[in-house]
Amino acid sequence: MTAALLDTFGRAATDLRVSLTDKCNLRCTYCMPAEGLPWLPAPELLTDDEIVRLVEVAVSLGVRTVRLTGGEPLVRPGLTGLVARLAPLVELSLTTNGLGLTRLAQPLAAAGLRRVNVSLDTLRPQRFLDLTRRDRWSEVVEGLAAAVAAGLAPVKVNTVLMRGVNDDEALELLDWCLERGYELRFIEQMPLDPQHSWDRAVMVTAEEILEQLSAHHTLTPAERGHAPAEVWLVDGGPARVGVVGSVTRPFCGSCDRIRLTADGQLRTCLFAREESDLRSALRAGATDAELAVRMQAAVRGKKAGHGINDPDFLQPSRPMSAIGG
Ligand code: SAM
Ligand code: SF4
């Protein structure tokens, strides 16, 4: 048995996204309905011990980086303790909406967390309220500052632009991030919302974003590696800006990522329609070697691409928040 997670297209999975919960304290219109979603029952969620065990097995198969996500990972009770257990195993980062970072950034950094991505789609508090259905813009902004103060560098900001909603803010957001030393990443909106309201015509494309930014800044391509974002140096650098063009500039050919849902299902792609049930195997007493075989079998089944642009594309049944963004 090769100690690696290889698929049939020669890609090795070395980056694992671990969703810690499907719950969230915001209700971003493109991600969740106002009333929330039917949350996973508590007994179905992986415990800290189960997460650590699965990460250990993944590490034995070549996983080197783990990003904690959700739902909103900061709402998981005991997060700092879990981070302290995972940090010695892998390079650990976290994606968050920023709520609670003022309190948690320091203890998380002390526990071994290296970096955070904070999602922020607007600089306008009223627009934030419209977009997230919660009046908490300043808390996110304070959370970003707390992340810097805690040494979680570089702090990245994730932004989804939507036509007629916040697509007039691309440049303002970039300048705001440049002034504060945050690295901005625009993410093309993907068909992953529970309302199935994604519309290709409404999506703001990577090309449009780059056009807006280039009118005011000189962008020079920087090295990309396996990261999904294409990255540019802004005005000669060292400041950078990224664009994740998942839909119009797919990066599936160099994808090194797999995902573990909060209820212990391994997914080889955000858009996968199959999952491998690691939780049942774990709870039925599987050994580490058996879990490793399951992970390897799942990764062997990874498809060449996400297929969003294929005529027969079907959105996965889980929404983004339940997969782990
Ligand atoms: N709650 C955390 C947050 O908002 O950062 C982590 C989970 S969230 C699902 C992760 C990222 O996915 C966020 O930056 C969010 O804006 C983005 N996202 C959610 N739905 C999306 C969609 N349909 N297309 C593209 N990005 C999406
Ligand atoms: Fe919550 Fe993140 Fe989804 Fe917004 S994008 S509703 S913060 S999970």
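Before any of the text, the structure's been laid out above.
Residues numbered from 1 in each chain as written. Chains lettered and ligands numbered in written order. Predicted model: local features only at pLDDT ≥ 70, side-chain atom pairs only at ≥ 80, totals over all residues. Heavy atoms only, no water.

Neighbouring residues of ligand 1: 17 residues in total, closest Y30, G71, E72, S119 and M190. The backbone of G71 places a nitrogen or oxygen atom 3.0 Å from a nitrogen atom of ligand 1. Measuring from an oxygen atom of ligand 1, one finds a side-chain N or O atom of S119 at 2.6 Å. Within the complex, 95% of the 540 Å² of free accessible area of ligand 1 lies under protein. For the shell around ligand 1, the elements supplying multiple residues, two or more each, are β3 (91-96) and β5 (156-160). For the shell around ligand 1, a count of residues per class yields five nonpolar, ten polar and two charged. (Near = heavy atom within 4 Å. Polar contact = N/O pair within 3.5 Å; in protein donor to acceptor, adjacent residues only side chain to side chain. Areas by Shrake-Rupley, 256 points an atom, 1.4 Å probe, with all protein chains shown as cover. Helix = DSSP H or I, 4+ residues; strand = E, 2+ residues; numbered from the N terminus. Nonpolar A, V, L, I, M, F, W, Y, C, P; charged D, E, K, R; others polar.)

Where helix α1 (residues 48-60) contacts helix α2 (residues 79-86), the axes come no closer than 10 Å and their chain directions differ by 25 degrees. The angle between the axes of α1 and α2 places the two elements in the roughly parallel class. At the point where α1 passes α2, the crossing takes the right-handed sense. Residues D48, D49, I51, V52 and V55 of α1 form the contact with α2, whose participating residues are L82, R85 and L86. In terms of residue class, the contact of α1 with α2 is built from five nonpolar, no polar and three charged. (Axes fitted to C-alpha atoms, helices over the stretch in contact; angles between N-to-C directions. Parallel < 35°, antiparallel > 145°, perpendicular 65-115°, else oblique. Left-handed = near helix turned anticlockwise from the far one by under 90°. Contact = heavy atoms within 4.5 Å.)

Note that V234 resides in strand β8 (residues 230-234). The spacing of V234 and H217 is 17 residues in sequence and 6.4 Å in space, taken between C-alpha atoms. If near-sequence neighbours (up to four positions away) are discounted, V234 is found in contact with L178, H217, T218, L219, A239, R240 and V241.

Turning our attention to the environment of C255. With respect to the helices and strands, the residue C255 is situated in the loop between β9 (240-244) and β10 (257-260). Along the chain, C255 and T14 lie 241 residues apart, while their C-alpha atoms are 9.4 Å from each other. The contacts of C255, once residues within four sequence positions are left out, are R11 and K302.

Further remarks concern the pattern of salt bridges. Summed over all chains, the structure comprises 23 salt bridges. Between R17 and D15 there is a salt bridge; the shortest N-O distance is 3.8 Å. Exposure class is identical for R17 and D15. Each is buried. Between E91 and R115 there is a salt bridge, with its nearest N and O atoms 3.0 Å apart. Of this pair, E91 sits in strand β3 while R115 sits in strand β4 (residues 115-119), and the two are 24 residues apart along the sequence. On the basis of relative accessibility, which here comes to 28%, the residue E91 falls in the partly exposed class. A single network of salt bridges, built from pairs that share partners, joins R124, R127, D168, E169 and E172. (Salt bridge = Lys/Arg side-chain N within 4 Å of Asp/Glu carboxyl O. Buried < 20%, exposed > 50% of the residue type's maximum accessible area, 1.4 Å probe, protein only.)

Take the site of ligand 2 next. In the vicinity of ligand 2, the contacting residues are C24, L26, C28, C31, G71 and N97. Residue composition of the shell around ligand 2, grouped by class: four nonpolar, two polar and no charged.

Evaluation of the coordinates by the stated rule reveals three cavities of 30 Å³ or more. Size it by volume and the largest cavity reaches roughly 70 Å³. Here the lining of the largest cavity takes three residues from helix α4 (residues 125-132), the largest share from any one element. Residues of the lining of the largest cavity, tallied by class, amount to seven nonpolar, four polar and one charged. (1 Å grid on protein atoms, 1.4 Å probe; cavity = no way out; pocket = protein on both sides within 12 Å on 5 of 7 lines; lining within 4 Å. Points joined across faces, edges and corners; volume = space filled by probe spheres on them.)

For Q265, the location among the structural elements is in strand β11 (residues 265-267). Residue classification places Q265 among the buried positions, given a relative accessible area of 10%. Here the side chain of Q265 touches D263 through a polar contact of 3.1 Å, landing on its backbone oxygen. What Q265 contacts, discounting residues up to four positions off in sequence, is R259, L260, E275, S276, D277 and R318.

What follows is about the state of the cysteines. In total, this model carries zero disulfides according to the counting rule given. C177 forms no disulfide, and the closest cysteine sulfur to it belongs to C28, at a distance of 16 Å. Its relative accessible area of 0% is what places C177 among the buried residues. (Disulfide = S-S within 2.5 Å.)

Our next topic: the sheet that holds strand β2 (residues 65-69). Strand order in this open sheet of twelve strands is β7-β8-β9-β6-β5-β4-β3-β2-β1-β10-β11-β12, and the pairing throughout is mixed. Pairing within the sheet leaves two strands with one partner each, and these edge strands are β7 (219-221) and β12 (276-277). Alignment of β11 against β12, held across two bridges, turns out to be antiparallel. Considered in β12, the bridge of Q265 is made with D277. With respect to the sheet, helix α6 (residues 170-180) is in contact with β5, β6 (183-187), β8 and β9, its orientation differing from that of β6 by roughly 155 degrees. (Pairing = 2+ DSSP bridges.)

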